[in-house]
Amino acid sequence: MLMKDVVAKLLYQLRAIDFAYSYNKSKSFVIMYHRVFRKDATNGFHVQPGMFVSDVTIDKHLQFFKKRFHVISLQELTKNIGLNSSLKNYCALTFDDGWQDNYANLFPLIKKYKLPITIFLSTDFIGTEKIFWPEEFSHFFHQISRKTVSSHNNKHLTKLMSELPERTNEAARLEHAITFLKQWSSRDRQELLDYLRIIFPRPSCKRLLLTWDEAHEMQESGLVTFGAHTAHHVLLDQVSLEEAEAEIARSKKAIVDNLGVTPKLFAYPNGNLNQEIKNLVKKHGFTAAVTTRKGWVKDGADLFELPRIGMHEDVSKTLPRLYSRVFFKFF
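This section reports on the structure supplied with the text. None of these values were measured; they are calculated from a predicted model.

**Things to note about the overall build of the chain**
Looking only at helices and strands, one finds 15 helices and 10 strands in the chain. Of all 331 residues assigned to the chain, the portion counted as buried reaches 54%. Within the chain, contacts between residues at least 6 apart in sequence are counted, and of these 70% link residues at least 24 apart. Surface accessibility of the chain: about 15400 Å² in total, with carbon and sulfur atoms responsible for 51%.

**Overview of the pattern of salt bridges**
Considering all chains together, one arrives at 14 salt bridges under this definition. The salt bridge partner of Lys283 is Glu245, with a shortest N-O separation of 2.8 Å. Placement of the pair is Lys283 in helix α13 (residues 275–283) and Glu245 in helix α12 (residues 241–259), with a sequence separation of 38 residues. The closest approach of N and O atoms between Glu305 and Lys278, which form a salt bridge, is 2.9 Å. Of this pair, Glu305 sits in the loop between β9 (288–290) and β10 (309–310) while Lys278 sits in helix α13, placing them 27 residues apart in sequence. Several salt bridges converge on common partners, so that one network encompasses Glu136, Asp194, Arg197 and Arg202.

**A look at the nonpolar core**
Phe65 and Val326 are the most contacted members of the largest nonpolar core, which totals 66 residues. Not counting chain neighbours up to four residues away, the residues in contact with Val326 comprise Phe29, Ile31, Phe64, Phe65, Trp296, Ile309 and Met311. Counting residues in hydrophobic clusters, the runner-up holds 20 residues, among them Phe137, Met161, Ile178 and Leu192.

**Side note on the environment of Val56**
Tracing the backbone shows Val56 in helix α3 (residues 55–68). For the pair formed by Val56 and Val36, sequence separation is 20 residues and the distance between their alpha carbons is 9.3 Å.

**Considering unusual backbone geometry**
In this structure, Lys114 is a non-glycine residue whose phi angle is positive, near 55°. With respect to the secondary-structure elements, Lys114 resides in the loop between α5 (100–113) and β6 (117–121).

**Details of the packing of aromatic side chains**
In this structure the tally under the stated criterion is 18 aromatic pairs. Considering the side-chain rings of Phe65 and Phe69, the 6.5 Å spacing of their centres and the 50° angle between planes classify their relative orientation as tilted. Here Phe65 and Phe69 have matching classes, each one buried. Its end group placed over the ring of Trp184, Lys159 keeps NZ or CZ at 4.6 Å from the ring centre.

**Side note on helix α9 (residues 170–183)**
With 14 residues, α9 should cover 20 Å at 1.5 Å per step; its first-to-last C-alpha distance of 20 Å lies within 8% of that length. Of all the residues in α9, the buried ones are Arg173, Leu174, Ala177, Ile178 and Leu181. Burial along α9 is one-sided: seen end-on, the buried residues are contained in an arc of 140°.

The rules we used
- Numbering of residues starts from 1 in each chain and follows the order in which that chain's sequence is written.
- Reporting of local features is limited, given that this is a predicted model, to residues whose pLDDT is at least 70; pairs of side-chain atoms are given and counted only at 80 or more, and all residues count toward the totals for whole chains, interfaces and linings.
- Side-chain metrics in this entry use all non-hydrogen atoms of the structure; hydrogen atoms and water are not considered.
- Helix and strand definitions here come from DSSP, where helices need a minimum of 4 consecutive H or I residues and strands a minimum of 2 consecutive E residues; each element is numbered from the N-terminal end.
- Between buried and exposed lies partly exposed: a residue is buried under 20% and exposed over 50% of the maximum accessible area for its type, with that area taken using a 1.4 Å probe on protein chains only.
- For this analysis, residues touch if any pair of their heavy atoms sits within 4.5 Å.
- Surface exposure here means Shrake-Rupley accessible area, sampled with a 1.4 Å probe, where a residue is shielded only by the protein chains that are shown.
- Any Lys or Arg side-chain nitrogen located within 4 Å of an Asp or Glu carboxyl oxygen qualifies as a salt bridge.
- Residues grouped as a nonpolar core are buried Ala, Val, Leu, Ile, Met, Phe, Trp, Tyr and Cys residues, joined through side-chain atoms within 4.5 Å.
- Each Phe, Tyr or Trp ring, with Trp reduced to its six-membered ring, pairs with another whose centre is within 6.5 Å; inter-plane angles below 30 degrees give stacked pairs, above 60 give edge-to-face pairs, and intermediate values give tilted ones.
- Consider the ring centre and the ring normal. A charge sits over the ring if Lys NZ or Arg CZ is within 6 Å of that centre and within 35 degrees of that normal.
- To estimate how far a helix should extend, the number of its residues minus one is multiplied by 1.5 Å.
- Directions pointing from the helix axis toward each C-beta atom define the arc.

These values are about where atoms sit, not about what they do.
Written out as structure tokens, the structure reads:
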């Protein structure tokens, strides 16, 4: 990370950013965020580094995007794909999941700079105190020890702990654990979580996701568009097509029922997709969908497999790192 800071600063000082900016002027890009924390705020759960930016950092981002690009809504951007030079110098800002801190910490900045954004909702979490499984698992993980593993002799827990590197700190081990679990089948991951819920007390926490009233207020501003992100944040290529279709349809219906609009945009949870999943998204009336794959949007791009540039605190807290993240693939 230190080396990338040095390289980013050097590129910035050498004005390589200006060259890259000129080279990419005929393309557009979509930025992907998740959570927005108040600087130095504490949280009841471990939060993966790739999941948040501070309000101070995103304030810098918004100023940068407003100054250097034409910030338009994702829906407007997708309408321009296929119209030759119409993508020139545009960018769109997106936020996944529907976190409450998007309302508390992001929304005031969006209104301040008058910039449009899209938020993709995992609808069965909205208006509830439910939490996503990585947050719940992080609560359990801090209680797991070698003694626990050996004494309970659970095959899933034993398998997981055997895959983790020995000589790393607890935070790094947790990061590895969540990464491994995302690669497991939905069934195995659920069986492990069910087991942990039996042997450890469930976490208690304040609400982490938006309410529908908050979403409605954001929508009424004219600056926030809501898209679908499944009902339960299911990794769609890990479940049956029937279940995947139900998740897609349920999330769309929830937005229609609660916000009175038909969502046209979809985000694949964790970026997991295949051709069959894409066909289901098309079938249910969506006009475009975004992935987690890094890249710029070129004219003629596949509307149902649009790349995004992921932003989080570690890779974008300084302007040189932000510039480099946008313009260079290796950042």
